[in-house]
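So the chains spell out like this:
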Amino acid sequence: GRLSGTVIVDAIADTLTTRAPRITIRSGLPYYLSLSRDECNVAGWAVDGVENALTAIVTDSMGNPVAEGTAVYFYTNSGLIVGSDVTDTSGFAHSTWYSSDPRPPGGLVWVRAETRGAGTSVVLDSVSFFSTYTVDSLWVEGVPDSIYANTSATKTLIIHGFDLNDNPVVDTTSITLSTDLGTVTSPITTSGECSDSRATATYTSTTLSYDNFPSVGDFRGDMTVVNIRSGYTSIAVSYTHLTLPTN
């Protein structure tokens, strides 16, 4: 049948009638399939065998789990995927994706899962996730033009990191910073791997006992450079000058 619910069975023989207790029909045919993945970003662009687990939940039109043993088929645009599983008593079926050739175009992997519903209908869902590499580009948000030259002056640097496909890198990617004047937080690690990988550092100024910009009014000044590196990728940002009123 196609419907779930409770039924009552009557047995009739000549003039005798008996009624069985209510019977629950719990599982109809597949009507919904919801597919999810454990990770939104895996470091599998240049490494084989990186895993991402997938779960398909299959229910009937009433939201009940389908019959145990319902077959679910999985397929992908890249790498390797365990191609099939059958549902358990809760309507769950599982698969695992592994990074390998062919690599996904632009670093975006998609996986689809499907099963048969009523008649010839196909019940399916899909998910996507990034397969990424190490940092290939960095850019910094929040670089100030100037900062006062005292040890209580600070500026926050927000550093964004992307791989060679301009996708966010995986969380906890390390970024190191150094500076020739003052101090800066280092190392720092990224977060936001599902959309915009970023890390935050604090630059703290310092005092000046000299002036490399004597023409800039009644101020002492100098230029500071902050060097930022992740793996083989690096950039440098500078503050136009550090200033401190000489009086």
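Presented here is an overview of the structure given in this document.

Calculation notes
Residues numbered from 1 in each chain as written. Predicted model: local features only at pLDDT ≥ 70, side-chain atom pairs only at ≥ 80, totals over all residues. Heavy atoms only, no water. Helix = DSSP H or I, 4+ residues; strand = E, 2+ residues; numbered from the N terminus. Buried < 20%, exposed > 50% of the residue type's maximum accessible area, 1.4 Å probe, protein only. Contact = heavy atoms within 4.5 Å. Areas by Shrake-Rupley, 256 points an atom, 1.4 Å probe, with all protein chains shown as cover. Core = buried A, V, L, I, M, F, W, Y, C linked by side-chain atoms within 4.5 Å. Disulfide = S-S within 2.5 Å. Salt bridge = Lys/Arg side-chain N within 4 Å of Asp/Glu carboxyl O. Polar contact = N/O pair within 3.5 Å; in protein donor to acceptor, adjacent residues only side chain to side chain. Pairing = 2+ DSSP bridges. Phe/Tyr/Trp six-rings, centres within 6.5 Å; stacked < 30°, edge-to-face > 60°.

All right, on to the overall build of the chain then. A tally of regular secondary structure across the chain gives zero helices and 22 strands. Counting the 247 residues in the chain, one finds 36% classified as buried. Partitioning the intrachain contacts of the chain with sequence separation of at least 6 by distance along the chain shows that 57% fall at a separation of at least 24. Per element, the accessible surface of the chain, about 13,300 Å² overall, is 52% carbon and sulfur.

Within the largest apolar cluster, 22 residues are counted, with the highest numbers of intra-cluster contacts made by Ile159, Ile175, Leu177, Ile188, Tyr203, Val226 and Ile228. Elements represented by at least two residues in this core include exactly strand 14 (137-141), strand 16 (154-162), strand 17 (174-179), strand 20 (198-204), strand 21 (219-230) and strand 22 (233-245). With sequence-adjacent residues up to four places away left out, Val226 is seen in contact with Leu157, Leu177, Ser178, Thr179, Val184, Tyr203, Ile235, Ala236 and Val237.

Before going further, it helps to examine the state of the cysteines. For the structure on display, the rule yields one disulfide. Each sulfur in the disulfide pair Cys40 and Cys194 lies 1.9 Å from the other. Taking the sign of the S-S torsion, about -85° here, the bridge from Cys40 to Cys194 comes out left-handed. Here the residue Cys40 occupies a position in the loop between strand 5 (32-37) and strand 6 (41-42), and Cys194 occupies one in the loop between strand 19 (188-189) and strand 20, the gap between them amounting to 154 residues. For Cys40, a relative accessible area of 7% puts it in the buried group.

On to the pattern of salt bridges, then. By the definition in use, this model includes three salt bridges. A salt bridge links Asp196 to Arg198, with the nearest nitrogen and oxygen atoms 2.8 Å apart. Exposure remark for Asp196: the relative accessible area of 21% places this residue in the partly exposed category. If you follow the salt bridges from partner to partner, you end up with Asp48, Asp101 and Arg103 in one network.

Structurally, Thr224 is set in strand 21. Here the side chain of Thr224 touches Leu181 through a polar contact of 3.3 Å, landing on its backbone oxygen.

The strand order 5-7-11-9 describes an open sheet built from four strands, whose pairing is antiparallel. Looking at the sheet topology across the chains shown, the edges are occupied by strand 5 and strand 9 (80-81). As defined by bridge partners, strand 9 adjoins strand 11 (residues 92-98) across two bridges and the pair is classed as antiparallel. Bridging from a neighbouring strand, Ile81 pairs with Trp97 of strand 11.

This next bit is on the packing of aromatic side chains. Inspection of the entire model under this criterion finds four aromatic pairs. The interplanar angle of 80° and the centroid separation of 4.8 Å between the aromatic rings of Tyr31 and Tyr32 together place this pair among those described as edge-to-face. A residue is classified by how much of its surface remains accessible, and Tyr32, at 43% relative accessible area, is partly exposed. Seen from their ring centres, Tyr73 and Tyr75 are 5.2 Å apart, and the 25° between their planes marks the pair as stacked. Taking the relative accessible area as the measure of exposure, Tyr75 reaches 23% and is therefore partly exposed. One aromatic cluster in this structure is built from Tyr73, Tyr75 and Trp110.

So, on to the sheet that holds strand 10 (residues 84-86). Spatially, 6-13-12-8-10 is the arrangement adopted by the five strands of the open sheet, whose pairing is mixed. On the outer flanks of this sheet lie strand 6 and strand 10, each paired with one strand and no other. Both strand 12 (residues 108-116) and strand 13 (residues 122-131) contribute to a ladder of nine bridges, which runs antiparallel. The residue bridging Arg116 from the neighbouring strand is Val122, located in strand 13.

Any link to function would need more than the numbers given here.
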